[in-house]
Every structure is written in C-alpha cells, then in structure tokens.
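# Coordinates in review
Residues per chain, in single letters:
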Amino acid sequence: MQLLKDRIRKDGKIRGTEVLKVDSFLNHQMDVTLFDAIGAEFKRRFSDCEINKILTIEASGIGIACLAARHFSCPVVFAKKSQSSNISDEVFCAKVESFTHGKVYNVIVSKEYLHPGDKVLLIDDFLANGEALRGLASIVSQSGADLIGAGIVIEKAFQPGGDSLRASGMRVESLARVAAMSETDGITFVD
Ligand code: 5GP
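Residues numbered from 1 in each chain as written. Predicted model: local features only at pLDDT ≥ 70, side-chain atom pairs only at ≥ 80, totals over all residues. Heavy atoms only, no water.

### Topic: the sheet that holds strand S7 (residues 119-127)
The eight strands are arranged S5-S6-S4-S3-S7-S8-S9-S10 in an open sheet whose pairing can be described as mixed. On the outer flanks of this sheet lie strand S5 (91-97) and strand S10 (186-189), each paired with one strand and no other. Pairwise comparison of adjacent strand axes, ignoring direction, gives a mean angle of 30° for this sheet. As judged from the four bridges shared by strand S3 (residues 53-57) and strand S4 (residues 76-82), these two strands associate in the parallel manner. (Pairing = 2+ DSSP bridges. Helix = DSSP H or I, 4+ residues; strand = E, 2+ residues; numbered from the N terminus. Axes fitted to C-alpha atoms, helices over the stretch in contact; angles between N-to-C directions.)

As structure tokens, this is what we get:
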C-alpha cells in the first residue's frame, strides 16, 4: 500500500535495528483518514472471504480494527491484557510474550463474544515474532470459530513471525512489509 509506505518513510523513526516508531500517525496520535484507507485495503484483500467478526488486541490494534470494521460491517472484539494469573472459566485465554516489553502476559476474551460459526479476521498494527497473532489464533481455535486470516499494517519481514505463521497455514496480509531498516540507511520495503 503505497500511501502507507510513503507515510512510514516520511514519519517513521527507527530505534536501533528492531523497533520502528510510528507514534505520529498510528501508535499515539492516530491519522483516522489513513486508518480508513487501511480498512478499505483490508476489505479489498479479503473481498473473497466471508467475515463476521474482527479480533484484535489492546491497545494499538483497536483503532485500526474499528475503522476496518466499518468496511466489513461487523463488530470488533479486542483481547484484553490481564495481569491476573487467576483466570475465570468465563474467558478464552492465551499467553503472549510482548515484543516491546519482553514480558509474558495473559490475553483474554469473554466466551460471550466468540462462537463456533464465527468467521474471524485478526487485525494488528505490527507483526514481528508473531506472538500476538499466535495468541489470538489460539483464542479463535478455543472458541470453535473459523480463523479466516490476519490483516497487519506493518510487518517487519526480517523478523520471523510472518514466515512462520504463513508456513503454518495462516493467511497473513500485510500492507507494508519492511525488508530492512537502520538508523543510517533508512527503510527498504519488500516490494
Ligand atoms: P509480535 O507479537 O509479532 O512479536 O509483535 C507484535 C506486537 O508487538 C504488536 O502488537 C505491536 O504492538 C508490538 N510491536 C512489535 N514490533 C514493533 C515495532 O517495531 N514498533 C511498534 N510500535 N510496535 C511493535
């Protein structure tokens, strides 16, 4: 998605070799017009699929998922990060290791909001090692719903998540795939 790649080149800040900061339009201040275009692009890419629910993870996925949901005309469910180790049997739960903080935490979704027969699209802002998507996919599987695929805004393709999830059979559509980045040379995209 050229508009997105241009914006990442213009406003993205590279931190070391691993982290891309896009706080000015995605992770802190949000460019809702861009989010709407991102939602339209997800809809175009998954136009061959029946989707009746979007599942994302708090906090950064929520805004993107909401704008995407306008194009799919479906509700958004967001997985909540839980500090508690005491997990009720009213929720589906998965462990996720945070890329940015390195901590392992539980993510939970109430059993009220995912059911067998649901056709679920996962949405997230970044794909790095694939932990967040794996956790969300586990929750979908626990619920008996069908996982249709995942829509990602920025995939760091030099990290292993995308390849390993695709190899496991997940359909992953990423709108900008970063091939390499460095503070000195900037960003190159896969295509
Ligand atoms: P993964 O679970 O695939 O290892 O990492 C994805 C999650 O970590 C995303 O939900 C995102 O919030 C965060 N993340 C991973 N890499 C980056 C990055 O370079 N920049 C930002 N802002 N978030 C990232």
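### Here we look at the site of the ligand
Of all residues adjacent to the ligand, which total 15 residues, the nearest are Leu 20, Asp 124, Asn 129, Gly 130 and Lys 156. Interatomic distance of 3.4 Å between a side-chain N/O atom of Asp 125 and an oxygen atom of the ligand. At 2.8 Å, a backbone N or O of Asn 129 approaches an oxygen atom of the ligand. Coverage of the ligand by the protein chains reaches 88% of its 510 Å² of free accessible surface. Elements supplying a minimum of two residues to the shell around the ligand: strand S2 (19-21), S7 and helix H5 (131-143). If you tally residues by element for the shell around the ligand, the top one is S7, at four residues. For the shell around the ligand, the per-class residue count stands at seven nonpolar, three polar and five charged. (Near = heavy atom within 4 Å. Polar contact = N/O pair within 3.5 Å; in protein donor to acceptor, adjacent residues only side chain to side chain. Areas by Shrake-Rupley, 256 points an atom, 1.4 Å probe, with all protein chains shown as cover. Nonpolar A, V, L, I, M, F, W, Y, C, P; charged D, E, K, R; others polar.)

### A word on the pairing of S3
Most of S3 is tucked away: five of the five residues are buried. With burial as the criterion, each face of S3 is covered, one bearing Lys 53, Leu 55 and Ile 57 and the other bearing Ile 54 and Thr 56. Two strands pair when backbone bridges link them, and S3 and S7 are joined in this way by three bridges, in the parallel orientation. Paired with Leu 55 across the two strands is Leu 122, which belongs to S7. In this fold, the crossover linking S3 to S4 by way of helix H4 (residues 60-72) has right-handed handedness. (Buried < 20%, exposed > 50% of the residue type's maximum accessible area, 1.4 Å probe, protein only. Right-handed = clockwise from strand over helix to strand, strands pointing away.)

### Here we look at the environment of Ala 40
Turning to its location among the elements, Ala 40 is positioned in helix H3 (residues 32-45). In this structure, the C-alpha to C-alpha distance between Ala 40 and Leu 67, residues 27 residues apart in sequence, is 8.6 Å.

### Structural notes on the pairing of strand S8 (residues 146-156)
When you tally the buried positions in S8, you get nine out of eleven residues, the bulk of the element. When S7 meets S8, the two strands line up parallel, connected through eight bridges. Within S8, the residue paired with Leu 121 across the bridge is Gly 149. Traced from S7 through H5 to S8, the parallel crossover comes out right-handed. Sheet analysis places S8 next to strand S9 (residues 172-182), joined by six bridges and oriented parallel. Bridge pairing in S9 links Lys 156 to Val 178.

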